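Breakdown of the fold
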Amino acid sequence: SQQGEEDPQALSIQEGENATMNCSYKTSINNLQWYRQNSGRGLVHLILIRSNEREKHSGRLRVTLDTSKKSSSLLITASRAADTASYFCARGTASKLTFGTGTRLQVTL
Amino acid sequence: DAGVIQSPRHEVTEMGQEVTLRCKPISGHDYLFWYRQTMMRGLELLIYFNNNVPIDDSGMPEDRFSAKMPNASFSTLKIQPSEPRDSAVYFCASSLLLAGDTQYFGPGTRLTVL
């Protein structure tokens, strides 16, 4: 499959803990993106990291990209109940954005 | 900007009926995408347009599905005739310059075919 594959498929943590999700891919990319989807809603773009970048931050989000291993990780620090959602990585080329299968994150109080 | 607009938000129809889903992309975006999401198959790209021209329709499941983009501010996805296995959430998304850049999704249309 050329899709980004997320790991784990599901993650349950307590509020205040950090959540780490991983994404692997097989072919070359221009960028790697992460999206969030709340239940019953559309996907919302979180962050984009280009193939020549190794790390990027946005608020409580930290994304890393290792092109030699063809993998990326999304770290959410100090999680909140409102972070409960599905998170998708997406591999971007010039002609396409291919989504993975997603990680379901549950943050409990 | 209002974001990507989709209508209807929910559609319930009977097998064999024609279904038309509508999308208005973000103004100025060159690319428009139609996706389908199910629990079993995840998020699937059906077709995408660049400047109103269909570029890749390899994800369209069969001839019952068709999509048009008559102008830069409107697209339709039509299913005729509909079948129960078409039940899914259909998303429209748009992006500014490249197909692989940030995409902005609409709220989706939840289709139920009885």
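For the structure given in this document, a descriptive report is provided here. (Residues numbered from 1 in each chain as written. Chains lettered and ligands numbered in written order. Predicted model: local features only at pLDDT ≥ 70, side-chain atom pairs only at ≥ 80, totals over all residues. Heavy atoms only, no water.)

**Some points on the interface of chain A and chain B**
Note the cut-off: In this analysis, two residues are considered to be in contact whenever any of their non-hydrogen atoms come within 4.5 Å of each other. Buried surface area refers to the total accessible area, computed with a probe of radius 1.4 Å, that the two partners give up upon joining, counted for both partners together. Here, a salt bridge means any Lys or Arg side-chain nitrogen found within 4 Å of an Asp or Glu carboxyl oxygen. Whenever a nitrogen or oxygen atom comes within 3.5 Å of another N or O atom, the pair is scored as a polar contact, on the condition that within protein one atom can donate a hydrogen and the other can accept it, and that pairs from neighbouring residues in sequence are kept only if both atoms are in side chains. Strands are runs of DSSP state E lasting at least 2 residues, helices are runs of H or I lasting at least 4, and numbering of each runs from the N terminus.
On the chain B side, the residues contacting the 19 residues of chain A number 17 residues. A combined buried area of about 1300 Å² lies between chain A and chain B, and 50% of that area is made up of carbon and sulfur atoms. If you sort the residues of chain A by the area they bury against chain B, L43, K96 and F99 of chain A come out on top, with a joint share of 30%. Applying the counting rule to chain A against chain B returns one salt bridge. Here D56 of chain B ties to K96 of chain A by a salt bridge, and the two come within 3.8 Å at their closest N and O atoms. Between the two partners, chain A and chain B, sit eight residue pairs in polar contact (both at pLDDT 80 or more). At the level of secondary structure, the elements contributing two or more residues to the side of chain A that touches chain B comprise β4 (31-37), β5 (43-50), β9 (85-92) and β10 (97-99) of chain A.

**Comments concerning the sheet that holds strand β8 (residues 74-79) of chain B**
Residues and elements named next belong to chain B. Using the following cut-off: Whether two strands pair comes down to DSSP finding at least two bridges between them. Note on geometry: axes are C-alpha line fits, over the in-contact stretch for helices, and angles between N-to-C directions span 0 to 180 degrees.
Across the sheet, four strands lie side by side as β1-β3-β8-β7; this open sheet has antiparallel pairing. Because the sheet does not close on itself, it has two edges, and the strands there are β1 (5-7) and β7 (65-71). Between one strand and the next, the sheet's axes are offset by a mean angle of 15°, whatever the strand orientation. Strand direction decides the pairing type here: β1 and strand β3 (residues 19-24), joined by three bridges, are antiparallel. The residue bridging I5 from the neighbouring strand is K24, located in β3.

**Regarding the layout of surface pockets**
Test applied: Buriedness for pockets is judged along seven lines, at least five of which must meet protein on both sides within 12 Å for an open set on the 1 Å grid over protein atoms alone, while cavities are sets there where a 1.4 Å probe fits but cannot get out, and lining residues have an atom within 4 Å of a point. Grid points are joined across faces, edges and corners, and a volume is the space filled by probe spheres set on the points. The nonpolar class holds Ala, Val, Leu, Ile, Met, Phe, Trp, Tyr, Cys and Pro. Asp, Glu, Lys and Arg form the charged class, and all remaining residues, Gly among them, are polar.
Volume-wise, the largest pocket comes out at about 810 Å³. Forming the walls of the largest pocket are 33 residues, and the residues nearest its centre are Q37, S86 and F88 of chain A together with Q37 and M39 of chain B. Of all the secondary-structure elements, those providing two or more residues to the lining of the largest pocket are β9 and β11 (103-108) of chain A together with β4 (31-38), β5 (42-50), β9 (88-95) and β11 (109-113) of chain B. Top element by residues in the lining of the largest pocket is β11 of chain A. It accounts for four residues. Of the residues belonging to the lining of the largest pocket, the class tally is nine nonpolar, 19 polar and five charged.

**Re the packing of aromatic side chains**
The way to describe two aromatic rings as a pair is by their centre distance and the angle between their planes. What counts, and what does not: In this analysis, rings of Phe, Tyr and Trp, with Trp reduced to its six-membered ring, are considered paired at centre separations within 6.5 Å, and the interplanar angle assigns stacked below 30 degrees, edge-to-face beyond 60, and tilted for intermediate values.
Here the structure, examined in full by the defined rule, presents 10 aromatic pairs over all chains. Linked through ring pairs, Y35 and F99 of chain A together with Y31, F33, Y35, Y48, F91 and F105 of chain B together constitute an aromatic cluster.

**Focus on a nonpolar patch on the surface**
Which entries qualify depends on this criterion: Patches here are clusters of residues that have more than 30% relative accessible area and form no salt bridge, with a 9 Å joining cutoff for like charges and a 5 Å cutoff for nonpolar side chains (Val, Leu, Ile, Met, Phe, Trp, Tyr). We get accessible surface area from the Shrake-Rupley algorithm with a probe of 1.4 Å; when it comes to residues, only the shown protein chains can shield them.
Among the surface-exposed residues, L96, L97 and L98 of chain B lie close enough to one another that they form a single nonpolar patch of about 270 Å² accessible area. Along the chain, L96 of chain B falls in the loop between β9 and β10 (104-105).

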